[in-house]
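Spelled out from the first residue to the last, the chains are:
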Amino acid sequence: MAAMQAAEALRAAGENVVDFGAGEPDFDTPDNIKRAAEIAMSAGKTKYTSTGGTRELQQAIIDFYSQFFGANYERSEVMATSGGKQAIFNAVVTLINPGDEVLMAKPYWVTFPEVVVFARGVPTFIETEETGFVLSAEQVERAITPRTKLLVLNSPCNPSGRVIPTEEFERIMEVAAARDIYVISDECYLRFVYPPGEVFSAASLPASLRARLCIAGSFSKTYAMTGWRVGYALAPRDWTREMLKVQSHSTSNANSIAQSAAVEALKGPQDSVAGMLAEYTSRRAWLLDALKEIPGLSCNEPEGAFYAFPSVRKCLSDGLKSSAEFASRLLTEEKTVVTDGAGFGADGYLRISYATSMEQLREGVTRIKRFVEGLKG
Ligand SMILES: Cc1ncc(COP(=O)(O)O)c(C=O)c1O
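Computed from a prediction, not measured in an experiment: that's the story for all the values here. (Residues numbered from 1 in each chain as written. Predicted model: local features only at pLDDT ≥ 70, side-chain atom pairs only at ≥ 80, totals over all residues. Heavy atoms only, no water.)

### What about the overall build of the protein chain?
Along the backbone of the protein chain there are 12 helices and 12 strands. Radius of gyration (C-alpha) of the protein chain: 21 Å, near the 21 Å computed for a compact globule of 377 residues. Expressed as lengths along the three principal axes of its C-alpha atoms, the size of the protein chain is roughly 65 × 55 × 40 Å. Classification of the 377 residues of the protein chain by burial places 56% in the buried group. In the protein chain, the share of contacts with a sequence separation of at least 24, taken over all contacts with a separation of at least 6, comes to 74%. If you sum the accessible surface of the protein chain, you get close to 16,100 Å²; carbon and sulfur atoms cover 51% of it. Distance between charge centroids for the protein chain: 3 Å, based on 39 positive and 46 negative side chains. (Helix = DSSP H or I, 4+ residues; strand = E, 2+ residues; numbered from the N terminus. Rg over C-alpha atoms; globule rule 2.2 N^0.38 Å. Buried < 20%, exposed > 50% of the residue type's maximum accessible area, 1.4 Å probe, protein only. Contact = heavy atoms within 4.5 Å. Areas by Shrake-Rupley, 256 points an atom, 1.4 Å probe, with all protein chains shown as cover. Lys, Arg positive; Asp, Glu negative; His and termini not counted. Charge placed at Lys NZ, Arg CZ, Asp CG, Glu CD.)

Structure below.
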């Protein structure tokens, strides 16, 4: 948000800004989805819905998870939410009592610790730099204390783009199940995994590993629908019942028109998702090669989402002490927005979103390179 505002201010001042800060697709919502919303409005689907969403949307979500992941969720275990963010919020505030510890890997999506603090829980961070920012079962095991109540997983990860391998994910779930720890699996970037990697959902795990699992899903990234505010939670019936109470007395239900659009998103043609993935795939390949050409930068390969997360530590010196300073000078000197990794709990790193055109990518990387080379001069 801060990066977005800074870019906005510079643009308003007439500057030619390259913006790698965006946490949302640069694509428009596909036409079939927009049409479904128009039809819903014309048909008067403009009223409150059930708190957990329309029957059609709940069923579409259940069908999707059944078709692709072999899961058989019931309607009492699914609810539509105002974005994946509300699913996470509902799940945390219904579960966490003051002092409960909530485990999450560093780097983390900024909302995770904030929601935990809101619920008076204690965010407890797991360092994963030694494993290239891919969380392992061993790291989880080591971090558990008698106060640990919940573990938050996010694969593909924002900001690192890293994906937890399926077997490791299963091992993590085994560790959590053995210690009666609840898990939120944030699957917001579920469908954006780069070949040869494969899309994986925690929904495909055996039922014994899903007894304390809440999946938080979203239409925002997959279908370029960030502004529509629609997501969902899949969780055991008792947990869902509590989440419905929170939602009922806060936002009531996800937007009715957006819910109709979301049904079309899941049930309609999926070629737009494939098209976006193909575009991200080529941008990612170009960007990773280009970053290798910048002295001092090193980057783990992101297997999913649309972010690269390079380390800039080797560029730091007495004259440039932190990644925050790097990002801020890059903005003033080269009019290029990147997000400082410190906000995600990873000082020394930058998040570069490639949810932007190739032209912008080329220009921005040229500017970053010029900035880094200038540091040495
Ligand atoms: C990791 C992660 N989870 C969840 C969300 C929430 O998305 P939304 O509330 O738009 O569905 C985001 C959005 O940036 C995200 O990056």
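### As for helix α8 (residues 237-248)
Taking 1.5 Å per residue as the helical rise, α8 with its 12 residues ought to reach 16 Å, and the 16 Å between its terminal C-alpha atoms agrees with that figure. Taken together, the buried positions of α8 are occupied by W239, T240, M243 and Q247. Each buried residue of α8 sits inside an arc of 95° when the element is viewed along its axis, so together they form one side. On its buried side, α8 packs onto β2 (78-81), α4 (83-95), β5 (148-154), β6 (182-186), β7 (213-218) and β8 (231-234). (Expected span 1.5 Å × (residues − 1). Arc of directions from axis to C-beta.)

### Overview of the environment of M276
Within the secondary structure, M276 is located in helix α10 (residues 271-292). In this structure the C-alpha to C-alpha distance between M276 and V140, which are 136 residues apart in sequence, comes to 33 Å. Setting aside chain neighbours within four positions, we find M276 in contact with F27, F192, T222, Y223 and A224.

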